[in-house]
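What follows is each chain in one-letter form.
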Amino acid sequence: MQREQLTGSEGTHISCVSLVPIFNHLRVYEMQEVAGTARPLSLKKGELLYRAGDTSDSLYIVHKGKVKIYRLAESGKEQLIRILQPGDFTGELALFQEGIHDDYAEVMEKSEICSIRRDSLQDLLLKYPQISLRILTEFSNRLDRAEHQATSFATEDAETRLALYLAQQADENESMQFRLPMSRKDLASFLGTTPETISRKLSLFEDEGWIEQHGQREIRIVDLDALLLL
């Protein structure tokens, strides 16, 4: 695992920390204290922030770029868990106990990451207990999303899962036109299907007049109701 330290200023650290919901409620001087514990990292596309089996001892915050979190099945097939974008974080379990990672964090494009080690974080939690409440809220949200995804895999076909995913993207982007945040290969992994199925179903949706495709990533939903009825 290759990691290159940046020569960022304290302002850069604060900018990174202020993106994160678990920290951005703090006062400026408190945020400065958090930022003082952060260690900046710069990684290139394809580099691993961590891999399964690595010691889990730090919280990682995405400042710029994108990172995908995934697991590998015994067959070697990749199962995408989530995509991290600026303001998202991973490694939060290190706050509470020493352990090892059971997934992989791979950089999807050149990224800048802020890393805060467990001992520093534990000191911050003791000093600012409200951070713990924010972290527990994030845990709850992630568990809810994971349970929803598991239920979706068990009860809905690939066509319905894709339709619901597109509707979710429209809601998150507050627009019927948006750019998919991942490649079709990664989207297939996330939805538990194949890239061929994703392409085939998108073409079907377009033929039915429910969506328009512009290139590989740009989508415009024309008939949201039709998608939600699948």
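Report follows, based on the coordinates. Per chain, the residues get numbers from 1 upward, laid out in the order the sequence is written. Where totals are concerned, whole chains, interfaces and linings use all residues; where local detail is concerned, this predicted model gives features only for residues with pLDDT of at least 70, and gives and counts side-chain atom pairs only at 80 or more. To get the side-chain values, take all heavy atoms of the structure and skip hydrogens and water.

### Quick notes on the layout of surface pockets
Piece 1. A pocket, in this scheme, is an open set of points on a 1 Å grid over the protein atoms alone with protein on both sides within 12 Å along at least 5 of 7 lines, while a cavity is a set where a 1.4 Å probe fits but cannot get out; residues line either one if an atom lies within 4 Å of a point. Grid points are joined across faces, edges and corners, and a volume is the space filled by probe spheres set on the points. The computed volume of the second largest pocket comes to approximately 180 Å³.
Piece 2. Looking at the second largest pocket, the residues that line it are Lys45, Gly46, Lys66, Lys68, Glu106, Val107, Met108, Glu109, Ser183, Asp186 and Arg217.
Piece 3. Among the residues making up the lining of the second largest pocket, the classes are represented as 2 nonpolar, 2 polar and 7 charged.
Piece 4. All the domain ranges listed were derived from an automatic or database domain assignment. Of the domains in this structure, domain 1 (9-133) and domain 2 (155-229) are the two that each give at least three residues to the lining of the second largest pocket. Side-chain classes are defined by residue name, with Ala, Val, Leu, Ile, Met, Phe, Trp, Tyr, Cys and Pro counting as nonpolar, Asp, Glu, Lys and Arg as charged, and the others, Gly among them, as polar.

### Quick word on the state of the cysteines
Piece 1. Cysteine sulfurs are considered disulfide-paired once they come within 2.5 Å of each other. This model, assessed by the stated rule, comprises 1 disulfide.
Piece 2. The disulfide partner of Cys16 is Cys114, and the gap between their sulfur atoms is 2.3 Å. Of the two residues, Cys16 is situated in helix 1 (residues 10-18) and Cys114 in strand 11 (residues 111-117); the sequence distance between them amounts to 98 residues. Comparing Cys16 with Cys114, the two get one shared label, buried. Numbering of helices and strands starts at the N terminus; helices are DSSP runs of H or I of at least 4 residues and strands are runs of E of at least 2. For the exposure calls, accessible area comes from a 1.4 Å probe over protein chains only, and a residue counts as buried if that area is under 20% of its type's maximum, exposed if over 50%, partly exposed in between.

### Some words on the pairing of strand 2 (residues 39-43)
Piece 1. When you tally the buried positions in strand 2, you get 4 out of 5 residues, the bulk of the element.
Piece 2. Sheet topology note: the strand 2/strand 11 ladder contains 5 bridges and is antiparallel. Counterpart to Leu41 in the pairing with strand 11 is Ile113. When DSSP finds two or more bridges between two strands, those strands count as paired.

### Focus: the packing of aromatic side chains
Piece 1. Whether two aromatic rings pair depends on their centres lying within 6.5 Å, for rings of Phe, Tyr and Trp, where Trp uses its six-membered ring; planes under 30 degrees apart make the pair stacked, over 60 edge-to-face, and the rest tilted. One pass over the full model with this rule turns up 4 aromatic pairs.
Piece 2. For the pair Tyr165 and Phe190, a centre-to-centre distance of 6.0 Å together with 65° between the ring planes defines the contact as edge-to-face. Linking Tyr165 in helix 5 (residues 158-173) with Phe190 in helix 6 (residues 184-191), this pair joins segments that are 25 residues apart in sequence.
Piece 3. Given the relative accessible area of 16%, Phe190 is considered buried.
Piece 4. Between the NZ or CZ atom of Lys68 and the centre of the ring of Tyr70, over which it lies, the distance is 5.5 Å. Whether a charge lies above a ring is judged from NZ of Lys or CZ of Arg, which has to be within 6 Å of the ring centre and within 35 degrees of the ring normal.

### Digging into the packing of helix 6 against helix 7 (residues 195-207)
Piece 1. Only C-alpha atoms enter the line fits that serve as axes; for helices the fit covers just the stretch in contact. Angles between N-to-C directions range over 0 to 180 degrees. Packing of helix 6 against helix 7 leaves a shortest axis separation of 8 Å and a crossing angle of 100°. Taken together, the axes of helix 6 and helix 7 are roughly perpendicular relative to one another. The residues of helix 7 that touch helix 6, namely those facing Arg184, Lys185, Leu187, Ala188 and Leu191, are Pro195, Ile198, Ser199 and Leu202.
Piece 2. For the contact of helix 6 with helix 7, the per-class residue count stands at 6 nonpolar, 1 polar and 2 charged. In these notes the angle categories are as follows: under 35 degrees is roughly parallel, over 145 is roughly antiparallel, 65 to 115 is roughly perpendicular, and the rest is oblique. The criterion used for residue contact is that any of the two residues' heavy atoms lie within 4.5 Å.

None of this, on its own, says anything about what the molecule does.
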